[in-house]
Amino acid sequence: MFCQLGFSHEIGVIAGPVEFRSDFGSRNEEATNLGNSGIGIGLIHYISFAYTADCNCYSTDTYFNDHFKLRSEISYNYTRLDHHGFWVAPDKTSVNADKLRAHSGAAENFDIGMQLEYFPLSIRSFQAFAYRIAPFVSLGVHYTSYNPKASTRYNNPNPDAYGDIYDQSNLYSHWFYDYNAGEAPYPINIDGGSTWSVVSSIGFRYKLGVLSDLMLDLRWQYYFSDWIDGFDHNWRNYDRKNDWLVWLNFGYVYYLD
């Protein structure tokens, strides 16, 4: 009875490129999406309900045990952020365009959370090498601690303002219409903070050996805040969406015996 109620453990590492979608640039421009790319790494842990290590036996044969795993994760991602695309194209020669080109930042995030992974094919059959590839989808919630960065290289004629990211004269003037009207906060805030996020992914495992798998995982993560990048200009309903990212993970998973 004890082994029927138990479970086994798996540990792993993940790493891969991140595309961070924020208020830098225009969200729908590929120059922004591809230009603001970074890297993510993480440690993962799985609870598998299909196998019980305590008694070296399979657990109760239920649909849930044979098709779901619980994944815990601690991860870190970093993305340098710049303005790309139409508003900073070479033919844009205005002062505002110069201010955009000079403004840069970074999104730095530490995550901890859990996801429930669903495997359409049998986990037991995958373990028995009935097939080498096991696809999965997942959904979960993460708690994120964010620590954004921001700077400007704008050559401000006022030497006291040069390099000051909190000086309005260094930043794109249109961002301040709502701010000066009292309808929005100052568009820059790099104090950092914490928030929740929803995480969903699709991927597959490749059976490398009896106790090891390779994994490919494409993640979408949506934050419940628009300050993850330290920037929220809220200008006239443009770019009012919260920050989010896409992360392609390559991973290695080891089964603890």
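Keep in mind the model is a prediction, meaning the values are calculated, not measured. Starting from 1, residues in each chain are numbered consecutively following that chain's sequence as written. pLDDT decides what is reported in this predicted model: residues at 70 or higher carry local features, side-chain atom pairs at 80 or more are listed and counted, and totals for whole chains, interfaces and linings draw on all residues regardless. By convention in this description, side-chain values take in all heavy atoms of the structure and omit both hydrogens and water.

Points about the environment of P157
- Tracing the chain through its elements places P157 in the loop between β8 (149-152) and α6 (176-180).
- Type-normalised accessible area, obtained with a 1.4 Å probe on protein chains alone, sets the label of each residue: buried when under 20%, exposed when over 50%, and partly exposed for intermediate values. Taking relative accessible area as the criterion, P157 reaches 73% and is therefore assigned exposed.
- Here the alpha-carbon distance between P157 and S169, two residues 12 residues apart in the chain, equals 9.8 Å. Secondary structure elements are taken from DSSP: a helix is a run of H or I of four residues or more, a strand is a run of E of two residues or more, and numbering for both begins at the N terminus.

A few points about the nonpolar core
- Only buried residues count toward a nonpolar core. Its members are Ala, Val, Leu, Ile, Met, Phe, Trp, Tyr and Cys residues joined through side-chain atoms within 4.5 Å. With 33 residues, the main nonpolar core has F20, I44, L171, W175, I188, M215 and L245 as its most contacted residues.
- Breaking this core down by element, the ones donating at least two residues are β1 (8-21), β2 (37-48), α5 (123-127), β7 (133-146), β10 (212-223) and β11 (244-255).
- Per-element accounting of this core gives the leading share, four residues, to β11.

Quick notes on the pattern of salt bridges
- Any Lys or Arg side-chain nitrogen found within 4 Å of a carboxyl oxygen on Asp or Glu counts as a salt bridge. Summed over all chains, the structure comprises 14 salt bridges.
- With a closest N to O distance of 3.0 Å, R71 and E73 form a salt bridge.
- In this structure, the salt-bridge partner of D213 is R205, at a minimum N-O distance of 3.0 Å.
- For D213, a relative accessible area of 0% corresponds to the buried category.
- Judged by relative accessible area, which is 0%, R205 ranks as buried.
- The structure contains a network of salt bridges with shared partners spanning E10, K69, R205, K207 and D213.

What about the side chain of T195?
- Tracing the backbone through its elements, the reader meets T195 in strand β9 (residues 193-209).
- Residue T195 is classed as buried on the basis of its relative accessible area of 9%.
- Discounting residues that sit within four places of it in the chain, T195 has contacts with H142, Y143, T144, Y146, Y223, F224, S225 and I228. By definition in these notes, contact holds between two residues if any of their heavy atoms fall within 4.5 Å.

Considering the side chain of H103
- Its place among the elements puts H103 in strand β6 (residues 103-118).
- The exposure class assigned to H103 is buried, which follows from its relative accessible area of 1%.
- For the purposes of these results, a polar contact is taken to be a pair of N or O atoms within 3.5 Å, where, inside protein, one atom must be able to donate a hydrogen and its partner to accept one; residues adjacent in sequence count only when each atom of the pair is a side-chain atom. Reaching out from H103, the side chain makes a polar contact with the side chain of H83 at a distance of 2.9 Å.
- Once residues within four sequence positions are removed from consideration, H103 is found in contact with F24, D82, H83, S151, T152, I165, L171, W175, I188 and F231.

Some remarks on the pairing of β1
- Any two strands with at least two DSSP bridges between them are considered paired. In this structure, β1 lies alongside β2, joined through 12 bridges in antiparallel fashion. The residue of β2 that forms the bridge with V18 is G38.
- Where β1 and β11 come together, 10 bridges link them in antiparallel fashion. Its bridge partner lying in β11, R21 is registered against W244.

Concerning the confidence of the model for the protein
- You can read pLDDT as the predictor saying how much it trusts each residue, on a scale of 0 to 100. Per-residue confidence for the protein gives a mean pLDDT of 89, with 88% of residues at or over 70.
- Mean pLDDT across the elements of the protein bottoms out in helix α1 (residues 2-5) (41) and peaks in β7 (98).
- Here residues 1-5 scores under 50 on pLDDT; set against residues more than four positions off or in separate chains, the count is seven contacts.

Thoughts on the pairing of β10
- Pairing of β9 with β10 involves 12 bridges; the strand directions are antiparallel. Within β10, the residue paired with S197 across the bridge is Y223.
- Hairpin connection between β9 and β10: a loop of two residues separates the two successive antiparallel strands.
- As paired strands, β10 and β11 are joined by 11 bridges and run antiparallel to one another. In the strand pairing of β11, L216 is matched with F250.

Some words on the packing of aromatic side chains
- A pair of Phe, Tyr and Trp rings is counted when the ring centres sit within 6.5 Å of each other, with Trp represented by its six-membered ring. The angle between the planes then sorts it: under 30 degrees is stacked, over 60 is edge-to-face, the rest tilted. Considering all chains together, one arrives at 18 aromatic pairs under this definition.
- When the centroid spacing of 6.3 Å and the interplanar angle of 20° are considered together, the rings of F126 and Y131 count as stacked.
- Three or more aromatic residues joined by ring pairs make a cluster, and in this case those are F24, Y172, W175 and F231.
- Sitting over a ring, as applied to charges here, requires NZ of Lys or CZ of Arg to be within 6 Å of the ring centre and within 35 degrees of the ring normal. When the ring centre of F86 is taken as origin, the NZ or CZ atom of K92, which lies over that ring, is 3.9 Å away.
- Its end group placed over the ring of Y46, R205 keeps NZ or CZ at 4.4 Å from the ring centre.

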